[in-house]
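Structural characterization, general
Read off the chains here:
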Amino acid sequence: MEVIILPNQQKAAYLVAQILAKELRAQPQLVLGMATGRTMEPVYHLLVDLHQKTGLDFSQCSTFNLDEYIGIPAEHPCSYRHYMDELLFNQVNIPKAHTHLPNGMATDLAAECRRYEAAITGAGGIDLQLLGIGSDGHIGFNEPLSSLRSRTREKALTPATLEQNAPMFGGDPANVPRRAITMGVGTILDSRRCLMLVTGKSKASILAKAVEGPISAMVTASALQLHPHCQVIVDEDAALELQEIEYHRWVFANEPEWAEFQDLA
Ligand code: F6R
């Protein structure tokens, strides 16, 4: 795992968008794992900008989102399908049929979870998985005590997650759906590359636990320490509680992979 610290949220999001764009140019049929949430919004704005200004081509790639709420339809303004359509899919040249999210309205949710796993496998697996981190340490909706080998399944959301996501539902945690379908930790770990973006002071403590603490089902993001190619891009605010901050800075300044991005420092 590498942790890359950049001065602010804009630059951190910019680096994530640039990495994704570089992979897409190198491999037009890329299979992308997508995340939603407020952290990701600037990344999708930047990708739309790259599409409009540089012709970044999404026509051959396909996407699989991490998760979707159970019990709200795709047209609901707070569904993750709606989020993705509005922020990215409707604004770039990706065929809608290439975009996948779990169906939280399926009558047989367990069968839907199996179908989603099979669809990811059928696409050849995920090449690049984008991730955010929840205030309780979740990736996807893998709440504390999720098995670190879990696959796509239904999950009850924690009070911390209901609180975190309440602003999108009019500010009241009671309005947030109680359950979701989420890729499992094992599903996420199967992707070939993981890129987690973490910004803001409110994530400083959980970020330090996830990347420098012990691997634990209590903080499912800590399972990324087991991934052979995982990079965590953070801003200074999120980095506040990291112990190895000088080493993380050294990696960005010295590893050849990051040489082309030094103007972001
Ligand atoms: C969203 C997802 C979640 C979020 C996390 C952070 O698809 O899977 O794990 O990435 O809850 O959300 P924000 O960015 O809103 O703080």
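Up top is the structure.
Thresholds applied
What you see as residue numbers is a count from 1 along each chain, following the sequence as written. A pLDDT threshold of at least 70 governs which residues receive local features in this predicted model, and a stricter bar of 80 or more applies before side-chain atom pairs are shown or counted, although totals over entire chains, interfaces and linings include all residues. The side-chain quantities take in all heavy atoms of the structure and omit both hydrogens and water. Elements are defined by DSSP. Helices are runs of H or I of four residues or more, strands are runs of E of two residues or more, and each kind is numbered from the N terminus. Only C-alpha atoms enter the radius of gyration, while the globule expectation follows 2.2 Å times N to the 0.38, with N the number of residues. Only protein chains enter the calculation, and the probe is 1.4 Å; a residue is then buried if its accessible area is under 20% of its type maximum, exposed if over 50%, and partly exposed in between. Distances are taken per atom, and a residue is near a molecule or strand as soon as one of its heavy atoms is within 4 Å of it. We define a polar contact as two N or O atoms separated by no more than 3.5 Å, with the added condition that, inside protein, one atom must be a possible hydrogen donor and the other a possible acceptor, whereas residues neighbouring each other in sequence contribute only through side-chain atom pairs. Residue-level accessible areas treat just the shown protein chains as cover; the underlying method is Shrake-Rupley with a 1.4 Å probe. Three categories are distinguished: nonpolar for Ala, Val, Leu, Ile, Met, Phe, Trp, Tyr, Cys and Pro, charged for Asp, Glu, Lys and Arg, and polar for the others, with Gly belonging to the last. Pairing between strands is defined by DSSP: at least two bridges between them are needed. Only heavy atoms matter for contacts: two residues are in contact if any of them lie within 4.5 Å across the pair. The salt bridge criterion pairs a side-chain nitrogen of Lys or Arg with a carboxyl oxygen of Asp or Glu, the two atoms within 4 Å. Pairing of aromatic side chains here covers Phe, Tyr and the six-membered ring of Trp, requires ring centres within 6.5 Å, and sorts the geometry by plane angle: under 30 degrees stacked, over 60 edge-to-face, intermediate tilted.

1. Digging into the overall build of the protein
For the protein, the helix and strand inventory stands at eight helices and 10 strands. For 265 residues, the compact-globule estimate of 2.2 N^0.38 gives 18 Å, and the protein sits close to it at 17 Å. Taken along its principal axes, the extent of the C-alpha atoms in the protein is 50 × 40 × 35 Å. Expressed as a percentage of its 265 residues, the buried residues of the protein come to 57%.

2. Some thoughts on the site of the ligand
Around the ligand, the structure places 14 residues, and the nearest of them are Thr36, Thr39, Asp67, His138 and Lys203. A distance of 2.9 Å separates an oxygen atom of the ligand from a polar backbone atom of Arg38. For the ligand, whose accessible area on its own is 410 Å², the fraction buried by protein is 97%. When the residues that make up the shell around the ligand are grouped by side-chain class, the tally is three nonpolar, eight polar and three charged.

3. Quick look at the pairing of strand β6 (residues 128-131)
By the alternation rule, side chains of β6 split into Leu128 and Leu130 and Gln129 and Leu131, which are all buried. With four bridges joining them, β6 and strand β9 (residues 193-198) adopt parallel strand pairing. Bridging across to β9, Leu130 finds its partner in Leu195.

4. Some remarks on the side chain of Thr36
For Thr36, the position within the fold is in the loop between β2 (31-34) and α2 (41-54). Given a relative accessible area of 13%, Thr36 falls into the buried group. Here Thr36 is in contact with Asn65, Asp67, Tyr80, Tyr83 and Met84, once residues within four sequence places are set aside.

5. Regarding the pattern of salt bridges
One pass over the full model with this rule turns up 13 salt bridges. Where Lys96 meets Asp85, a salt bridge forms, and the shortest distance between an N and an O atom there is 3.5 Å. Linking Lys96 in the loop between α3 (80-87) and β5 (99-100) with Asp85 in helix α3, this pair joins segments that are 11 residues apart in sequence. Classification of Lys96 by relative accessible area gives partly exposed; the value is 40%. For Asp85, a relative accessible area of 13% gives the class buried. Between Glu154 and Arg179 there is a salt bridge, and its shortest N-O distance comes to 2.9 Å. Of this pair, Glu154 sits in strand β7 (residues 153-156) while Arg179 is found in strand β8 (residues 179-182), placing the two residues 25 residues apart along the sequence. Within this structure, Glu23, Arg193 and Glu257 form a network of salt bridges that share partners.

6. Here we look at the packing of aromatic side chains
In the structure shown here, the tally under the stated rule is eight aromatic pairs. On the numbers, 4.8 Å between centres and 40 degrees between planes, the contact of Tyr69 with Tyr80 is tilted. With Tyr69 in strand β4 (residues 67-69) and Tyr80 in helix α3, the pair connects residues that are 11 residues apart, well separated along the chain. Between the aromatic rings of Tyr69 and Phe169, the centroid separation amounts to 5.4 Å while the plane-to-plane angle is 90 degrees, which identifies the pairing as edge-to-face. Here Phe169 lies in the loop between α5 (159-165) and β8 and Tyr69 lies in strand β4, a separation of 100 residues in the sequence. Note on accessibility: Tyr69 and Phe169 belong to one class, buried. In this structure an aromatic cluster arises from ring pairing among Tyr69, Tyr80, Phe141 and Phe169.

7. Regarding the side chain of Gln18
Its place among the elements puts Gln18 in helix α1 (residues 9-26). Accessibility expressed as a relative area gives 17% for Gln18, which makes it buried. The contact partners of Gln18, leaving out residues within four places of it in the chain, are Leu50 and Phe261.

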